[in-house]
Amino acid sequence: MFRKISLSVLLFSIIMPTFSQTVIKRNGGINRLVAGVSSDSLRSYIQTLVSFGTRHTLSSQTDHDHGIGAARNWVLSKFQEDALHSSGRMTAKMDTWIEPADKHRVNRPVLMGNVMATIQGTDPADGRIFVVSGHLDSRCTNIMDSTDASPGANDDGSGVAAVLEMARLLSRFPLKSTVVLVAVTGEEQGLLGSTHLAEEAKENHWDISAMINNDMIGNSVSSGTDKHDNTQVRIFSEGIPYVETEQEERLRKALAGENDSRSRELARYIKTIGNTYVDNLKVVLIYRRDRFLRGGDHIPFQERGYTAIRLTDFYENYDHQHQDVRIENGIRYGDLPQFVDYEYLRKNTCLNLATIACLADAPSAPENARIDISHLSNETHLYWQLPKYGKAKGYYVLMRETDVPMWQKKFYTDSTEITLPYSRDNFFFAIQSVGENGLLSVPVFPGIGR
Ligand SMILES: [Zn+2]
């Protein structure tokens, strides 16, 4: 008898901790939107992109079915088709300029073209813009080789395919704020297209809330270590912002805010969106601006003070990336469409789409969020003002221990202040708006005030 009881007590204590649950609550409309992403569509876009032979920035501008000129005309025609289904909300354009020769990767003045789809928000009072990019250009082993085959199926046919699929679906799905989907050019020659776009955004005072760069999101096999994983994707975010005023820098140092830049909060937000809307996909936060000593199209945006992140395959395959198409010692080199994992690409496109739909239909973050420092206390008093765009029915105040990457607790309030019995010494806090539709803003890291 004694034995029996002790066994049941033992079992109970083993089972208890597994009762902790994660509640998945999806917005019905966004869930249906995301379900529309098709791996067949993504495959067909990449097949067409590869059919242009090369999309090198210095390749043919005039050939009908070969080179960068033909490729960008095709992307434009796809956007124009989508625009027909948008009840006038979506416009497509080619943004062209002449890039002068430089001493690096442009050996003569060349005509450049970013292909852009702008999907106007339904709320005229909402000035926010959300930007999603992939890069249209491709490369061989030799960066100046503009004639040999460079299929660029994953780098970055995958990112452009995601952008095209989002245009197809969002042209039919009205959102409150404006979304810009863009196939930028000249990435491999030095981030030329995204630099041009970020500069244009700055000059025209675009209120860009978030920029997502998709560069290689369809490869699931590693070279060298021969691992296969299509259930994880990396998100790169800057910790210390590229651009800070002196005052912002002082505050960051005083509050230990180096892990709570706007870019990092966006990365955490995208991870929660992945958890909620995309099955069998884990978003892995990488605490770096980009991969080791490498860069991408989000960086020109970060350099101009915008909130921007990069999404990339969990594993890279260096036999397929930046390689001439060839067989050597029995190994097939080259960025070919048969190496793309279209189910993985589908999931990563879903992640983009769910993120943009949630953000563009949620209110913006609360304004002027502050931690009250008028006196020393073991309680933390936070206060804030209404969001600039959209309406909040309430707010979540988020909390985490200082050595933990993701927010651990959320306190709901419909007030614009809260006092929590937790010390600001031992926890980080942030505040996010909750829209009337239940959608959430990116959390904002509070400053200080009295
Ligand atoms: Zn790339």
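Keep in mind that this is a model prediction, so the values were computed, not measured.

Asks: Is there a simple way to think about the packing of helix 3 (residues 39-51) against helix 4 (residues 68-83) in this case?
Replies: Contact pair helix 3 / helix 4: the axes reach a minimum separation of 10 Å and the direction vectors enclose 150°. With respect to helix 4, the element helix 3 is oriented roughly antiparallel. Note on element contacts: helix 4 touches helix 3 through Trp74, Val75 and Lys78, opposite Tyr45, Thr48 and Leu49. A per-class count over the contact of helix 3 with helix 4 returns four nonpolar, one polar and one charged.

Asks: What am I meant to see in the packing of aromatic side chains here?
Replies: By convention here, two paired aromatic rings are described through the distance between centres and the angle between planes. Here the structure, examined in full by the defined rule, presents eight aromatic pairs. Look at tyrosine 422 and phenylalanine 427: their rings are 5.5 Å apart centre to centre, the planes differ by 75°, and that puts the pair in the edge-to-face class. On the basis of relative accessible area, tyrosine 422 is assigned to the partly exposed category, the value being 24%. Under the relative-accessibility criterion, phenylalanine 427 is labelled buried at 18%. Through successive ring pairs, a cluster of aromatic residues spans Phe411, Tyr422 and Phe427. Positioned over the ring face of tyrosine 306 is lysine 202, at 5.4 Å from the centre of the ring. The ring centre of tryptophan 407 lies 4.6 Å from the NZ or CZ of arginine 400, which sits over that ring.

Asks: Help me understand the coordination of the zinc ion, please; the structure alone is not making it clear to me.
Replies: Where a metal carries four tetrahedral donors, each ideal angle is 109.5 degrees; where it carries six octahedral donors, the ideal angles are 90 or 180 degrees. Only His135 (NE2), Asp155 (OD), Asp215 (OD) and Asp215 (OD) from the protein coordinate the zinc ion, and they sit 2.0 to 2.6 Å from it. Coordination at the zinc ion is irregular, judged from the four donor atoms that bind it and the angles of 55 to 149° they form at the metal. In primary sequence terms, the donor set of the zinc ion follows H-x19-D-x59-D. With histidine 135 in strand 3 (residues 128-135) and aspartate 155 in the loop between strand 3 and helix 5 (157-170), this pair connects stretches of sequence that are 20 residues apart. The same class applies to histidine 135 and to aspartate 155, which are both buried.

Asks: Whenever I open this one, the pattern of salt bridges confuses me. Can you help?
Replies: Side chains that differ in sign of charge can pair as their charged atoms come close. Counted according to the given criterion, the structure contains 22 salt bridges. Ionic pairing is found between arginine 310 and aspartate 290, a salt bridge with its closest N-O pair at 3.0 Å. Here the residue arginine 310 occupies a position in strand 8 (residues 308-313), and aspartate 290 occupies one in the loop between strand 7 (282-286) and helix 9 (299-303), the gap between them amounting to 20 residues. For the residue pair arginine 310 and aspartate 290, the accessibility class agrees, reading buried in each case. Among the ionic pairs, arginine 326 bridges to glutamate 328, the shortest N-O distance being 2.8 Å. On the basis of relative accessibility, which here comes to 25%, the residue arginine 326 falls in the partly exposed class. Through salt bridges with shared partners, a single ionic network connects Asp215, Arg234, Asp290, Arg291, Arg294, Arg310 and Glu316.

Asks: Before we go on, may I ask you to explain the state of the cysteines in this structure?
Replies: As used in these notes, a disulfide is a covalent bond between sulfur atoms, one from each of two cysteines. Tallied over the entire structure, the rule returns zero disulfides. With no disulfide of its own, cysteine 350 has cysteine 358 as its nearest cysteine by sulfur position, at a separation of 12 Å.

Asks: What is the right way to look at the sheet that holds strand 6 (residues 232-236) in this model?
Replies: Two pairing modes exist for strands in a sheet, parallel and antiparallel, and in both the strands are linked by backbone hydrogen bonds. Within the open sheet, the eight strands sit side by side as 1-2-4-3-5-8-6-7. Their pairing is mixed. Each edge of the sheet is formed by a strand with only one pairing partner; in this case those strands are strand 1 (90-99) and strand 7. Neighbouring strand axes in the sheet, compared pairwise and without regard to direction, differ in orientation by 25° on average. The sheet contact formed by strand 1 and strand 2 (residues 110-119) spans 10 bridges and is antiparallel. When the bridges of strand 2 are listed, threonine 96 appears paired with glycine 113. The strands that helix 8 (residues 262-277) touches are strand 5 (207-214), strand 6, strand 7 and strand 8; relative to strand 7, the one it contacts most, it runs at about 165°. On top of the sheet, helix 10 (residues 342-361) reaches strand 3, strand 4 (178-184), strand 5, strand 6, strand 7 and strand 8; it is set at about 165° to strand 3, its chief contact.

Asks: I keep staring at helix 5 and nothing clicks. Help me out?
Replies: At 3.6 residues per turn, the α-helix brings residues three or four places apart onto the same side. Taking 1.5 Å of rise per residue, the 14 residues of helix 5 would be expected to cover 20 Å, and the 20 Å separating its terminal C-alpha atoms lies within 8% of that figure. The element helix 5 is extensively covered by neighbouring structure, given that 13 of its 14 residues are classed as buried.

Asks: What is the right way to look at the domain arrangement of the protein chain in this model?
Replies: Its domain assignment divides the protein chain into domain 1 (28-361) and domain 2 (366-449). For domain 1 and domain 2, the distance between their C-alpha centroids amounts to 31 Å. Opposite the 26 residues of domain 1 that make contact, domain 2 presents 18 residues. Inspection of the region where domain 1 meets domain 2 yields two salt bridges. Note that lysine 388 is salt-bridged to aspartate 207, the shortest N-O span being 3.9 Å. At the surface where domain 1 touches domain 2, the tally comes to six residue pairs in polar contact (both at pLDDT 80 or more). Residues of the side of domain 1 that touches domain 2, tallied by class, amount to 13 nonpolar, four polar and nine charged.

Asks: Looking at this structure, I do not really get unusual backbone geometry. What am I missing?
Replies: The phi torsion of most residues other than glycine is negative, and most of the peptide bonds are trans. In this structure, the amide linkage connecting aspartate 155 to the following residue, aspartate 156, adopts the cis form with an omega of 0°. Note that aspartate 156 resides in the loop between strand 3 and helix 5. Phi at asparagine 329 takes a positive value of approximately 50°, unusual for a residue other than glycine. Positionally, asparagine 329 belongs in the loop between strand 9 (326-328) and strand 10 (331-333).

Cut-offs applied
- Residues numbered from 1 in each chain as written.
- Predicted model: local features only at pLDDT ≥ 70, side-chain atom pairs only at ≥ 80, totals over all residues.
- Heavy atoms only, no water.
- Axes fitted to C-alpha atoms, helices over the stretch in contact; angles between N-to-C directions.
- Helix = DSSP H or I, 4+ residues; strand = E, 2+ residues; numbered from the N terminus.
- Parallel < 35°, antiparallel > 145°, perpendicular 65-115°, else oblique.
- Contact = heavy atoms within 4.5 Å.
- Nonpolar A, V, L, I, M, F, W, Y, C, P; charged D, E, K, R; others polar.
- Phe/Tyr/Trp six-rings, centres within 6.5 Å; stacked < 30°, edge-to-face > 60°.
- Buried < 20%, exposed > 50% of the residue type's maximum accessible area, 1.4 Å probe, protein only.
- Lys NZ or Arg CZ within 6 Å of the ring centre and 35° of its normal.
- Donors = N, O, S within 2.8 Å, 3.2 Å for Na, K, Ca; no water.
- Tetrahedral: all angles 85-135°; square planar, octahedral: opposite > 155°, others 65-115°.
- Salt bridge = Lys/Arg side-chain N within 4 Å of Asp/Glu carboxyl O.
- Disulfide = S-S within 2.5 Å.
- Pairing = 2+ DSSP bridges.
- Expected span 1.5 Å × (residues − 1).
- Domains from an automatic or database assignment.
- Polar contact = N/O pair within 3.5 Å; in protein donor to acceptor, adjacent residues only side chain to side chain.

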